[in-house]
Amino acid sequence: MPTTSSLKLLLDLAQQRTDSAAKKLGKLNLQQQEAEKKLNLLMQYRHSYQSHFQNSSAKGIDHIEWLNFIAFINKLDAAITEQQQTVLYAQNKKIEGGNEFLSCQRKLKSYDTLSQRQHSEENQKQSKLEQKVQDEFASNSLHRDSFLRKGD
C-alpha cells in the first residue's frame, strides 16, 4: 500500500485534474450553447429574410432582385451549414470533456477510497497499540499490587 504522503500527493493531483476537467467542461458547455445560439439566429434571420422577400415578391420584383435574393439565401444556407458543423463539433468536444471529467472523478474517488482505508487501518493499529499498552499497564499494576500484598 502506498505511503501516506504519496497517497496524499496522488489524491491532491487527482483533485486538481478533476477541478481542471470540470472547468474545461464548463467552457465546452458554454461554447456549445454559443454555437447553438448563433445557429438559431442564422436560421431565424433566414426565415425572416425569406418571409420579407415573399411579401415583396407578391407585389412584384424584377430579375436583379430575384438573383440577389437567391445569392443571399445561398450564402445564408452556406453559413447555416457551416454553423451546424460547428455545433456538431462543439457537441462532440463537450461529450469528450464530459468523459474526461467522469474519468477524473472515478480516479479521484478511487484514491479517496484508498486514503480512507489507509486511515482506517492506521486507526485500528493505533487502537490495538493503545489497548496493548493499557493491558500491559493493568497487568503490571495487578502484579505490583499482588507483590505488595505478599510483602506485607
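See the structure printed just above.
Criteria and thresholds
Residues numbered from 1 in each chain as written. Predicted model: local features only at pLDDT ≥ 70, side-chain atom pairs only at ≥ 80, totals over all residues. Heavy atoms only, no water. Helix = DSSP H or I, 4+ residues; strand = E, 2+ residues; numbered from the N terminus. Buried < 20%, exposed > 50% of the residue type's maximum accessible area, 1.4 Å probe, protein only. Contact = heavy atoms within 4.5 Å. Areas by Shrake-Rupley, 256 points an atom, 1.4 Å probe, with all protein chains shown as cover. Patch = residues over 30% accessible without salt bridge, like charges linked within 9 Å, V, L, I, M, F, W, Y side chains within 5 Å. Salt bridge = Lys/Arg side-chain N within 4 Å of Asp/Glu carboxyl O. Core = buried A, V, L, I, M, F, W, Y, C linked by side-chain atoms within 4.5 Å.

1. Description of the overall build of the protein chain
Here is step 1: If you tally the helices and strands in the protein chain, you get two helices and zero strands.
Here is step 2: Considered along the principal axes of its C-alpha atoms, the protein chain spans approximately 130 × 25 × 15 Å.
Here is step 3: Buried residues in the protein chain amount to 17% of all 152 residues.
Here is step 4: Taking the contacts inside the protein chain whose residues are at least 6 apart along the sequence as the reference set, 90% of them involve residues at least 24 apart.
Here is step 5: Total accessible area on the protein chain is roughly 11900 Å²; 54% of this is exposed by carbon and sulfur atoms.

2. Let's talk about the environment of Val87
Here is step 1: Within the fold, Val87 resides in helix α2 (residues 63-151).
Here is step 2: Note on Val87: relative accessible area 7%, which makes it buried.
Here is step 3: In sequence terms Val87 and Ser20 are 67 residues apart; their C-alpha atoms lie 23 Å from each other.
Here is step 4: Those residues within four positions of Val87 in sequence are excluded, and the remaining contacts are Ala35, Glu36 and Leu39.

3. Some words on a nonpolar patch on the surface
Here is step 1: A contiguous nonpolar patch, built from Trp66, Leu67 and Ile70 and spanning about 270 Å² of accessible area, is present on the exposed surface.
Here is step 2: Inspection of the secondary structure assignment puts Trp66 in helix α2.
Here is step 3: For Trp66, a relative accessible area of 43% translates into the label partly exposed.

4. Quick look at the nonpolar core
Nonpolar side chains tend to gather and get buried jointly when the protein is soluble and globular.
Here is step 1: Judged by nonpolar contacts, Ala35, Leu39, Leu42, Phe53, Phe69, Ile73, Leu76, Ile80 and Val87 together constitute the single largest core of nine residues.
Here is step 2: Of all the secondary structure elements, the ones that give two or more residues to this core are α1 (4-59) and α2.
Here is step 3: For this core, the element with the most residues is α2, which contributes five residues.
Here is step 4: For Leu42, the contacting residues outside a window of four places in its chain are Leu76, Ala79, Ile80 and Gln83.

5. Quick notes on the environment of Asn29
Here is step 1: Inspection of the secondary structure assignment puts Asn29 in helix α1.
Here is step 2: The exposure class of Asn29 is partly exposed, given its relative accessible area of 28%.
Here is step 3: With 61 residues separating them along the chain, Asn29 and Ala90 place their C-alpha atoms 8.1 Å apart.

6. Quick look at the pattern of salt bridges
Here is step 1: Scanning the model with the defined rule gives five salt bridges in all.
Here is step 2: Linking Lys37 and Glu34 is a salt bridge whose minimum nitrogen-to-oxygen distance equals 3.6 Å. Of the two residues, Lys37 and Glu34 are both situated in helix α1; the distance of three residues between them amounts to about one turn of the helix.
Here is step 3: In this structure Glu34 comes out as partly exposed when scored by relative accessible area, which is 41%.
Here is step 4: With its nearest N and O atoms 3.6 Å apart, the salt bridge here joins Lys93 to Glu96. Taken together, the residues span about one helical turn, with Lys93 and Glu96 both in helix α2 at a distance of three residues.
Here is step 5: With relative accessibility at 30%, the residue Lys93 sits in the partly exposed group.
Here is step 6: The exposure class assigned to Glu96 is partly exposed, which follows from its relative accessible area of 46%.

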